[in-house]
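Listed here are the chains, written in short residue letters.
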Amino acid sequence: MIRTRFAPSPTGYLHIGGARTALYSWLYTRRHGGRFVLRIEDTDRERSTPEAVNAILEGMVWLGLDYDEGPFYQTERYERYREHLQRLLEEGQAYRCYCTRERLDRVRAEQQARKEKPRYDGRCRDLSAPPSDEVSDEPVVRFRTPLEGHVVVDDAIRGKVQFHNSELDDLIIARGDGTPTYNFTVVVDDLEMGVTDVIRGDDHLNNTPRQIHLYAALGVEPPRFAHVPMILGEDGKRLSKRHGAVSVLQYREEGYLPEALLNYLVRLGWSHGDQEVFTIDELVQLFDIDDVNHSASTFNPSKLLWLNQQHIMHAEPAHIARHLAPFLSARDVDPTEGPALEAVVRAQQERAKTLVEMAEASLFFYRRPAAYDEKAAKKNLTSESAGILEHCAHRFSGLPSWTGEEIHAVVTGAAETFDVKMGKVAQPLRVAVTGSTVSPPIDVTLELLGRDETVARVEAAAAWAQRPESQSPAE
Ligand code: GLU
């Protein structure tokens, strides 16, 4: 059975590169009916924070990338690493290195002076007892890397990549204080967690030959590897904060739907014909890791925005309503007091690129506009339109029932009565109820708002339009 893992280091927010790696592992696992493990690589005590762990967990939940096992924390697994370390030492596959920092620095400087690639010179590799001079009292543990031959990474995305063993140092697998290092913990974890497929960023490709040697030393077959190419900003540099939002949770705050972000991320490096919009179910059916492109891709915020709009347009209103509600609450609106949120979503679905936009444009359904937009009021709430508004308010009050059709009939009737175009009725009404000139069609808007609220707002606007100041705003 396929088992994959996502293994972030909690040293910052969950960024979109990490999210894409997680998504690829998740999709691959779901496609093949395997299990997806979450492992928090928190051994860097100085840089790991509980806030970052929470941001990762929250990001995963928001994205809907559910894991079947974990989260496992590396800091809770030191005993496991110690056991394997001990075994490698006993078998002579690893050795204690007593070299002091000063000695290593000196060796390095000499190598550089000779224009050689700096590497550990192997002084402690074959010692039977600690050396007599330049001895560190906190020896590290090094892995005995084969000196000759080569190792091939058969990567699902990159194809075969060959590394010469002569280029690999005797890697430090435990520091002087006994704590294990990244390459070692990752191998122990992946083997103990039964990971069959390691899908990760290609910044780790150079670690892979070392890890393959460690698997061999521990007597197990390595997993399959897939190194996902990096994401670049529009200037061709590795994507970073300089390029704008890179944190997953920031996209949530900016009103993106998780499925839109996932859709965007999957397409950075993977395609299916010329299809752009995918549901998560479709992706689970279609995605395969072997189809991931091996070249880097460029992050394009306007395409992400476009995809968000597509997903907003086509999603179930109830689903959007669930994601929209927090944006209204954050603006002190209780969406249970007023028109049903799902109905508001239905009216707004075609008109918003983000949930923030949708929330802003929907506030008027739940509370009276604090003020009329100046330009809109100047043009539409005039002494001339006051009469039209009064007429409409009166007719609205007398309607036998409050339906879009009847509202529409009042609006067209008023246009006829006053011998004006429809817009001369609809626009003042719109400004009256929303404060601005943008809203869904006027009949839909007013039906949702309800009769009492509509009449009250239209009457208030008619009165406002007739204020003496409104005729001469300069006074
Ligand atoms: N913890 C590593 C990182 O955040 C990932 C290690 C791996 O996937 O092997 O970059």
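Relevant structure appears above.
The shown structure was predicted, so the numbers you read here are calculated from the model rather than taken from an experiment. (Residues numbered from 1 in each chain as written. Predicted model: local features only at pLDDT ≥ 70, side-chain atom pairs only at ≥ 80, totals over all residues. Heavy atoms only, no water.)

Colleague: Lay out helix α19 (residues 451-465) in plain terms, naming residues and giving numbers.
Modeller: For α19, spanning 15 residues, the distance from its first C-alpha to its last is 21 Å, which sits close to the expected 21 Å at 1.5 Å a residue. Listed as buried for α19 are T454, V455, R457, V458, A461, A462 and A465. (Helix = DSSP H or I, 4+ residues; strand = E, 2+ residues; numbered from the N terminus. Expected span 1.5 Å × (residues − 1). Buried < 20%, exposed > 50% of the residue type's maximum accessible area, 1.4 Å probe, protein only.)

Colleague: Could you give an account of the environment of E69, naming the residues involved and the relevant values?
Modeller: With respect to the helices and strands, the residue E69 is situated in strand β3 (residues 69-73). Sequence separation of E69 and V37 is 32 residues, and the distance between their C-alpha atoms is 4.7 Å. Each residue touching E69, except ones within four places of it in the same chain, is listed here: R3, R35, F36, V37 and L38. (Contact = heavy atoms within 4.5 Å.)

Colleague: With reference to specific residues and values, describe the sheet that holds strand β5 (residues 135-143).
Modeller: Reading across the sheet, the three strands line up as β4-β5-β8 and stay open at both edges, with antiparallel pairing between neighbours. Each end of this open sheet is capped by a strand with a single partner; those strands are β4 (94-99) and β8 (172-174). Averaged over all pairs of adjacent strands, the angle between their axes in this sheet comes to 50°, without regard to strand direction. Bridge count for β5 against β8 is two bridges, and the pairing is antiparallel. For V141, the partnering residue across the bridge sits in β8 and is A174. Docked against the sheet, helix α3 (residues 78-90) engages β4, β5 and β8, running at close to 90° with respect to β4. (Pairing = 2+ DSSP bridges. Axes fitted to C-alpha atoms, helices over the stretch in contact; angles between N-to-C directions.)

Colleague: For the side chain of T181, give the residues involved together with the corresponding values.
Modeller: Locating T181 in the fold gives a position in the loop between β8 and α5 (182-192). Polar side-chain contacts of T181 include one of 2.8 Å to the backbone oxygen of I172. (Polar contact = N/O pair within 3.5 Å; in protein donor to acceptor, adjacent residues only side chain to side chain.)

Colleague: Residue-level account of a positive patch on the surface, with values.
Modeller: Residues K375, K379, K421 and K424 make up a contiguous surface patch of positive charge. Within the element layout of this structure, K379 appears in helix α14 (residues 374-380). On the basis of relative accessible area, K379 is assigned to the exposed category, the value being 67%. (Patch = residues over 30% accessible without salt bridge, like charges linked within 9 Å, V, L, I, M, F, W, Y side chains within 5 Å. Areas by Shrake-Rupley, 256 points an atom, 1.4 Å probe, with all protein chains shown as cover. Salt bridge = Lys/Arg side-chain N within 4 Å of Asp/Glu carboxyl O. Lys, Arg positive; Asp, Glu negative; His and termini not counted. Charge placed at Lys NZ, Arg CZ, Asp CG, Glu CD.)

Colleague: Break down the nonpolar core for me, with residues and values.
Modeller: Counting 53 residues, the largest nonpolar core has F396 and L429 as its most contacted members. Look past the residues within four positions of L429 in its chain and what remains in contact with it is L389, C392, F396, V411, I442, L446 and V458. Judged by nonpolar contacts, the second largest core, of 49 residues, contains Y24, I231, F287 and F299. (Core = buried A, V, L, I, M, F, W, Y, C linked by side-chain atoms within 4.5 Å.)

Colleague: Account for the site of the ligand, naming residues and giving values.
Modeller: In the vicinity of the ligand, the contacting residues are R5, A7, P8, S9, E41, Y182, V186, R200 and H204. Residue E41 places a side-chain N or O atom 2.5 Å away from a nitrogen atom belonging to the ligand. Measuring from an oxygen atom of the ligand, one finds a side-chain N or O atom of R200 at 2.8 Å. Taking 300 Å² as the accessible area of the ligand by itself, protein coverage stands at 81%. Assessed atom by atom at 2 Å from the grid points, the ligand resides in the largest pocket. The class makeup of the residues in the shell around the ligand is four nonpolar, two polar and three charged. (Near = heavy atom within 4 Å. 1 Å grid on protein atoms, 1.4 Å probe; cavity = no way out; pocket = protein on both sides within 12 Å on 5 of 7 lines; lining within 4 Å. Sits in = over half its atoms within 2 Å of the grid points. Nonpolar A, V, L, I, M, F, W, Y, C, P; charged D, E, K, R; others polar.)

Colleague: Mind laying out the layout of surface pockets, listing which residues take part and the relevant values?
Modeller: Roughly 1,100 Å³ of internal volume is contained in the largest pocket. Lining the largest pocket are 40 residues, and of these P8, S9, H15, D203 and H204 lie nearest its centre. Taken together, the elements giving at least two residues each to the lining of the largest pocket come down to β1 (3-6), α1 (16-31), α5 and β9 (197-201). The leading source of residues in the lining of the largest pocket is α1, at five residues. Volume-wise, the second largest pocket comes out at about 320 Å³. In terms of lining, the second largest pocket is formed by 17 residues, of which the most central are E360, A361, L363, F364 and S436. A per-element tally of the lining of the second largest pocket places helix α13 (residues 355-366) first, with five residues. When its residues are assigned to classes, the lining of the second largest pocket shows eight nonpolar, four polar and five charged. (Points joined across faces, edges and corners; volume = space filled by probe spheres on them.)

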